[in-house]
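Structural features, examined
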Amino acid sequence: MTERRAPPDATPATCPHCDAPFPTDRLRDLHVGHSHFADATDRERTAYEDALDADEDDLRMFQYVALAALVLVYFFFLMTYAAVT
């Protein structure tokens, strides 16, 4: 689960609807769009869509990196097996 506490020395981004603190503006925008979409302003909805796009991009990059790591591990074991036998 995502950490919702802000660092002690930082000013947390707070939800304008429920005053929940978030460590980043992006997490706050995701929260507002997900939990308060009906009450959100047009600016908040746009920020939510932008944060959602960025989140999807980060997730896609993680998937590519994970796939590359699995392929490298697979070929490492394949070459190790080929060298041993």
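Let us look at the structure shown here. (Residues numbered from 1 in each chain as written. Predicted model: local features only at pLDDT ≥ 70, side-chain atom pairs only at ≥ 80, totals over all residues. Heavy atoms only, no water.)

**A few points about the overall build of the protein chain**
Each helix and strand counted, the protein chain has two helices and two strands in total. Ordering the α and β elements of the protein chain from the N terminus gives β-β-α-α. A compact globule built from 85 residues would reach a C-alpha radius of gyration of about 12 Å, whereas the protein chain, at 20 Å, exceeds it by more than 25%. Principal axes of the C-alpha set define a box for the protein chain whose edges measure 65 × 30 × 15 Å. Counting only residues that meet the buried cut, the protein chain has 16% of its 85 residues in that class. Partitioning the intrachain contacts of the protein chain with sequence separation of at least 6 by distance along the chain shows that 16% fall at a separation of at least 24. By element, 61% of the accessible surface of the protein chain is carried by carbon and sulfur atoms, the whole surface being about 6800 Å². With 7 positive and 15 negative side-chain charges, the protein chain shows a spacing of 3 Å between the two charge centroids. (Helix = DSSP H or I, 4+ residues; strand = E, 2+ residues; numbered from the N terminus. Rg over C-alpha atoms; globule rule 2.2 N^0.38 Å. Buried < 20%, exposed > 50% of the residue type's maximum accessible area, 1.4 Å probe, protein only. Contact = heavy atoms within 4.5 Å. Areas by Shrake-Rupley, 256 points an atom, 1.4 Å probe, with all protein chains shown as cover. Lys, Arg positive; Asp, Glu negative; His and termini not counted. Charge placed at Lys NZ, Arg CZ, Asp CG, Glu CD.)

**A look at the packing of aromatic side chains**
To describe a pair of aromatic rings, one takes the distance between the centres and the angle between the planes. Counted according to the given criterion, the structure contains three aromatic pairs. Between the aromatic rings of phenylalanine 37 and tyrosine 48, the centroid separation amounts to 6.1 Å while the plane-to-plane angle is 65°, which identifies the pairing as edge-to-face. Of the two residues, phenylalanine 37 is situated in the loop between helix 1 (25-35) and helix 2 (42-84) and tyrosine 48 in helix 2; the sequence distance between them amounts to 11 residues. In this structure, arginine 45 is placed above the aromatic ring of phenylalanine 37, and the distance from its NZ or CZ to the ring centre is 4.5 Å. (Phe/Tyr/Trp six-rings, centres within 6.5 Å; stacked < 30°, edge-to-face > 60°. Lys NZ or Arg CZ within 6 Å of the ring centre and 35° of its normal.)

**Notes on a negative patch on the surface**
On the surface, Glu49, Asp50, Asp53, Glu56 and Asp57 cluster together into a negatively charged patch. For glutamate 56, a relative accessible area of 46% gives the class partly exposed. (Patch = residues over 30% accessible without salt bridge, like charges linked within 9 Å, V, L, I, M, F, W, Y side chains within 5 Å. Salt bridge = Lys/Arg side-chain N within 4 Å of Asp/Glu carboxyl O.)

**Quick notes on the nonpolar core**
Across soluble globular proteins, nonpolar side chains show a tendency to be buried alongside one another. Counting residues in each nonpolar core, the largest one holds five residues, listed as Cys15, Ala20, Phe22, Val32 and Ala40. Those residues in contact with valine 32, other than ones at most four positions away along the chain, are Cys15, Pro16, His17, Phe37, Ala40 and Glu44. (Core = buried A, V, L, I, M, F, W, Y, C linked by side-chain atoms within 4.5 Å.)

**Comments concerning the side chain of histidine 31**
Within the secondary structure, histidine 31 sits in helix 1. A relative accessible area of 15% places histidine 31 in the buried class. A polar atom in the side chain of histidine 31 sits 3.1 Å from the side chain of histidine 36. Setting aside residues no more than four positions away along its own chain, histidine 31 makes contact with Cys15, Cys18, Phe22 and His36. (Polar contact = N/O pair within 3.5 Å; in protein donor to acceptor, adjacent residues only side chain to side chain.)

**A closer look at the pattern of salt bridges**
In this structure the tally under the stated criterion is four salt bridges. Here arginine 26 makes a salt bridge to aspartate 58, at a shortest N to O gap of 2.6 Å. Placement of arginine 26 in helix 1 and of aspartate 58 in helix 2 is noted, with a sequence separation of 32 residues between them. The salt bridge partner of aspartate 29 is arginine 28, with a shortest N-O separation of 3.3 Å. Ionic contacts of the salt-bridge type, sharing partners, join the residues Asp25, Arg28 and Asp29 into one network.

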